[in-house]
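Geometric and topological summary
Listed here are the chains, written in short residue letters.
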Amino acid sequence: MKDKVMTRFVSLLGAGALVSMAVVMSGCNSDWNTQENLSKAEEQQGLVFTMAEEQFGDDVEVRALAKPDVVDTVDVADGVEAEVAIERDVAEERALTRALKTDNHYTIVAFETGTGKEKGRIKGRFNLATGAFVADVGTPQYIVLSPGEHCDFVCYSDQYISREGNTLTISLPNAHRALAGKATNVEILPQRKQSVTFRLQRFGARVRTKLVAPLPLPSNIGAKIVSANNAVPRAVTLNMVSWSTANLNNGTLTAAEQNFAGAPVYNEGGYSFNTMLSTGYAYVLSGTRSEQLSLSFTRGALYNQALASKPSVRFNSGKTFVAGGSYVIRMKLLPKYKYLFNDGRVGYLKTPGRAGFVPIALVVGNGLAIALWDVESGGQLAWHTFYGFVNQCNPRAIVERGVSSDEDYRVAINDPETGINWTWVAHRYSGATYAQVKANEKGFFPAFYHCAHFDTELVQKYCKGKGLASNVSGYRRWFLASVNPWVLVYTAISLQPRTSFSHWGYWNKFLLHKAFRDAGGTPLKTNDGYWTSAESATKAYDLNNVVSRHTMWPHDGWLSVGASGSSGDAANFRFYVRPFVSYLN
């Protein structure tokens, strides 16, 4: 009688992973109906199948990849943008195992190699606790094969994969649990044990989101990964004989809402960012492209914007998600600053129609903007050049009673003068022979002069051959600011309310640099002073008034008000100078 080989499933515990095994028995006895005969056959001969479940992210070639593949900048809302990057989920990949982890139901099919003729099938599931395979009651327990035959074996999770003929179909809702594997051209040998390995592969990829921001992210933030209607693959088909796949299109994804939890600080370019990582994943089919997906915020606000009311944020283009891949969409949420351009108009850098114009100042509010550069290419200047530094030169000093420096600084902060009048109004101060306009006195008031004439320096150095509109050049436009406008600089850059600035206030180093560098400007110097036009004294005006002059002190983490006085030569008493502009007609 021709030998027959019959398969029955058992389980063993391997050294490196929990594996499930099928044993194919051969022998001359045709009576395989009793457990006793089967047990004896198992002891003599068998074909052993090992099965390993591919985990998401199980790709050693990219396991160490930490740099993003593609980075795009997209709009989130008015005043908010995002730098979006796709990167491998490295943290998850380090924890990979190949143990069976999902409680799937499986069908194993034997095909005759070369013809695709089905020889038999068996169905059941694995007990994750013991590793034992249990065939379904009432279904075939064995597959009868002959030694010398060549067979292909296909194993698939039939709970999540449908079969029609020799075509398996994995639908989008099952992308996270569908598994299938194939062992090809296996010659059935009449030996005691023959090992054949299934690698159960995935047909979906998983995606989660990492939110990054320079300011603290709200704890209640929520979002969904979604697609446009009919924009993503709705299914993947798999030919059981050729093992080729194809995508069926016109699918729509709306994943479950993702919650976010705090994550380790994200560092980039010498800056530290607050980070939150989604606690769940969205699952897509292989072949889905990144630009087909977007993030729709469901809860939370940032930079004074309610994110949930805004359109979904598209992911960047250029990435195709591969089967078994585990991805993190890193979305760095950043504020967008408004700028004043050389044509006198205001807008974001990417506002339509702004590309042909040059940004010249950062808008801080109330028709005011601070220049993107210091005067004189960043050199330090004297407030005035007379010997008596403490002599009053403004038509009015800010009256400060000297109760405490904190209280005096608050008085200066709340004083309504912008500095325009102190730059442009003529005044005859003590010792002067005529009324002088500081804006026109280069030799006596260099800080004021270079602020007032910064429009000339702009055209010569920064405007790239373009001119200036009338509302950003000429009389009473550029000036040396008092203290009050500097508080507006603080609120514009830090995105904090004015009430958070007493005589100093915290801001973020990254935002301080971003506000100026994005537009091609130079950030404020830190750990050093900038002149204001404000004088303070115990009286508003007196020929013998002894005044101090307020300064502003930017630091990486905060901005503060100061006051300076000197009994020495005023010409040698210098600080940096950053001009302001009043651009409303």
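Residues numbered from 1 in each chain as written. Predicted model: local features only at pLDDT ≥ 70, side-chain atom pairs only at ≥ 80, totals over all residues. Heavy atoms only, no water.

Topic: the overall build of the protein chain
Definition in use: Each helix corresponds to a stretch of at least 4 residues labelled H or I by DSSP, and each strand to a stretch of at least 2 residues labelled E; elements are numbered beginning at the N terminus. Relative accessible area decides the class of each residue, using a 1.4 Å probe on protein chains only: under 20% of the type maximum gives buried, over 50% gives exposed, and in between gives partly exposed. In this analysis, two residues are considered to be in contact whenever any of their non-hydrogen atoms come within 4.5 Å of each other. Under the convention used here, a 1.4 Å probe and the Shrake-Rupley method define accessible areas, while residue burial counts only the protein chains that appear.
Looking only at helices and strands, the protein chain features 8 helices and 40 strands. Looking at the 585 residues of the protein chain, the share that counts as buried comes to 54%. Pairs at least 24 residues apart make up 70% of the contacts formed inside the protein chain by residues separated by at least 6 positions. A total accessible area of about 24600 Å² is found for the protein chain, and carbon and sulfur atoms account for 49% of it.

Looking at the pairing of strand S7 (residues 118–126)
Keep this limit in mind: In short, DSSP must find at least two bridges between two strands for them to pair.
In the sheet, strand S6 (residues 105–112) pairs with S7 via 7 bridges, with the strands oriented antiparallel. Looking across to S7, one finds that Val109 is bridged to Arg121. Hairpin remark: S6 followed by S7, antiparallel, with 5 residues in the connecting loop; positive phi at Gly114, about 90°.

Focus: the sheet that holds strand S37 (residues 548–554)
To be explicit about the condition: Orientation is described by axes fitted as lines to C-alpha atoms, over the contacting stretch for helices, and by angles from 0 to 180 degrees between their N-to-C directions.
Read across the sheet, 5 strands follow the order S33-S36-S37-S38-S35 without closing on themselves; strand pairing throughout is mixed. Both edges of this open sheet fall to strand S33 (398–399) and strand S35 (504–506), since each of them pairs with a single strand only. Pairing analysis gives 4 bridges linking strand S36 (residues 530–537) to S37, with the strands arranged antiparallel. Bridging across to S37, Tyr530 finds its partner in Met552. Along the sheet, helix H7 (residues 483–494) makes contact with S35, S36, S37 and strand S38 (558–564), crossing S36 at roughly 135°.

Digging into the environment of Lys514
Structurally, Lys514 can be placed in helix H8 (residues 509–517). Residues Lys514 and Tyr337, spaced 177 residues apart in sequence, show a C-alpha to C-alpha distance of 9.0 Å. Discounting residues that sit within four places of it in the chain, Lys514 has contacts with Glu81, Leu334, Pro335, Tyr337 and Tyr339.

A short note on the confidence of the model for the protein chain
Any region with low pLDDT has predicted coordinates that should not be read closely. So the rule is basically this: Per-residue confidence from the prediction method is given by pLDDT, with values spanning 0 to 100.
Of the residues in the protein chain, 85% have a pLDDT of 70 or more, and the chain-wide mean is 85. For residues 8–46, every residue scores under 50 in pLDDT, and the model assigns this stretch 98 contacts once sequence neighbours within four places are set aside. Note on residues 58–68: pLDDT under 50 across the span, and 19 contacts to partners over four residues away in sequence or across chains.

Focus: unusual backbone geometry
Residues apart from glycine generally show negative phi values, whereas peptide bonds are mostly found in trans. With a phi angle near 55°, Tyr303 is a residue other than glycine that sits in the positive phi range. You can call Tyr303 buried: its relative accessible area is 10%. Residue Ser377 is not a glycine yet carries a positive backbone phi of 55°. Mapped onto the elements, Ser377 comes out in the loop between strand S31 (368–371) and strand S32 (381–382).

A few points about helix H6 (residues 454–461)
Structurally, the α-helix is built with 3.6 residues per turn, so residues lying three or four positions apart point the same way. Note the following rule: Here, the arc refers to the directions that run from the helix axis to the C-beta atoms.
Among the residues of H6, Phe454, Asp455, Glu457 and Leu458 are the ones counted as buried. Projection of H6 onto a plane perpendicular to its axis shows the buried side chains occupying an angular sector of 160°, all on one side. Looking at the packing, one finds that the buried side of H6 touches strand S30 (359–365), S31, helix H5 (446–452) and strand S34 (478–479).

A look at the environment of Ser146
Mapped onto the fold, Ser146 is located in the loop between strand S9 (144–145) and strand S10 (150–157). Separated by 43 residues in the primary sequence, Ser146 and Leu189 place their C-alpha atoms 8.6 Å from one another.

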